[in-house]
Amino acid sequence: CGLAARERERQSLEPFRGSYVCVTDTVVPAEELGITDRCLRRDELLRIFAARVVELPFEDEHSKAIVVHAARVLLLSAVVETLFEEGATFSFRTDFGVTWTTGYFLQK
């Protein structure tokens, strides 16, 4: 979280507060963790991420899927820990989808 913390400090960002609906790319690792469509507090989410990293089968032969999953979990963990206050809540939603193209065409 060192790089994320330095960037937060450089930009003088205050921790984000409140509840967040997580969509698009964040849903993929959430589905792999089995934590979709429910509300999770920041500390609970960080515990889930930490437990997952510990249980990942890092051996001599790394499958691409495991490496990609680990990268997603570690990135989400760093972002959640660094940018969100302790009381923040998150819900990884699977009942709707959002893409950058939707926003792009809505702005045109």
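Report on the accompanying structure. Since we're looking at a predicted model, the values are computed, not measured.

Conventions adopted
Residues numbered from 1 in each chain as written. Predicted model: local features only at pLDDT ≥ 70, side-chain atom pairs only at ≥ 80, totals over all residues. Heavy atoms only, no water. Helix = DSSP H or I, 4+ residues; strand = E, 2+ residues; numbered from the N terminus. Buried < 20%, exposed > 50% of the residue type's maximum accessible area, 1.4 Å probe, protein only. Core = buried A, V, L, I, M, F, W, Y, C linked by side-chain atoms within 4.5 Å. Contact = heavy atoms within 4.5 Å. Phe/Tyr/Trp six-rings, centres within 6.5 Å; stacked < 30°, edge-to-face > 60°.

1. Quick notes on the overall build of the protein
In step 1: Counting secondary structure elements, the protein contains 5 helices and 3 strands.
In step 2: Mapped in sequence order, the helices and strands of the protein form the string α-β-α-β-α-α-β-α.
In step 3: A burial count over the protein gives 25% of its 108 residues as buried.

2. Notes on the nonpolar core
In step 1: Counting residues in each nonpolar core, the largest one holds 15 residues, and the members touching the most others are Leu33, Ile35, Leu45, Phe49, Val80, Phe90 and Phe92.
In step 2: Of all the secondary structure elements, the ones that give two or more residues to this core are helix 2 (27–33), helix 3 (42–55), helix 4 (64–83) and strand 3 (89–92).
In step 3: Excluding residues within four positions of it along the chain, phenylalanine 49 makes contact with Leu33, Ile35, Val73, Leu76, Ser77 and Val80.

3. Focus on the packing of aromatic side chains
In step 1: Enumeration according to the criterion identifies 4 aromatic pairs in this entry.
In step 2: For the pair phenylalanine 16 and phenylalanine 84, a centre-to-centre distance of 5.4 Å together with 50° between the ring planes defines the contact as tilted. Of this pair, phenylalanine 16 sits in the loop between helix 1 (2–10) and strand 1 (19–22) while phenylalanine 84 sits in the loop between helix 4 and strand 3, placing them 68 residues apart in sequence.
In step 3: On the basis of relative accessibility, which here comes to 13%, the residue phenylalanine 84 falls in the buried class.
In step 4: Between phenylalanine 84 and phenylalanine 90, the ring centres sit 4.9 Å apart and the planes meet at 80°, which makes this aromatic pair edge-to-face.
In step 5: An aromatic cluster of at least three residues, connected via ring pairs, comprises Phe16, Tyr20, Phe84 and Phe90.

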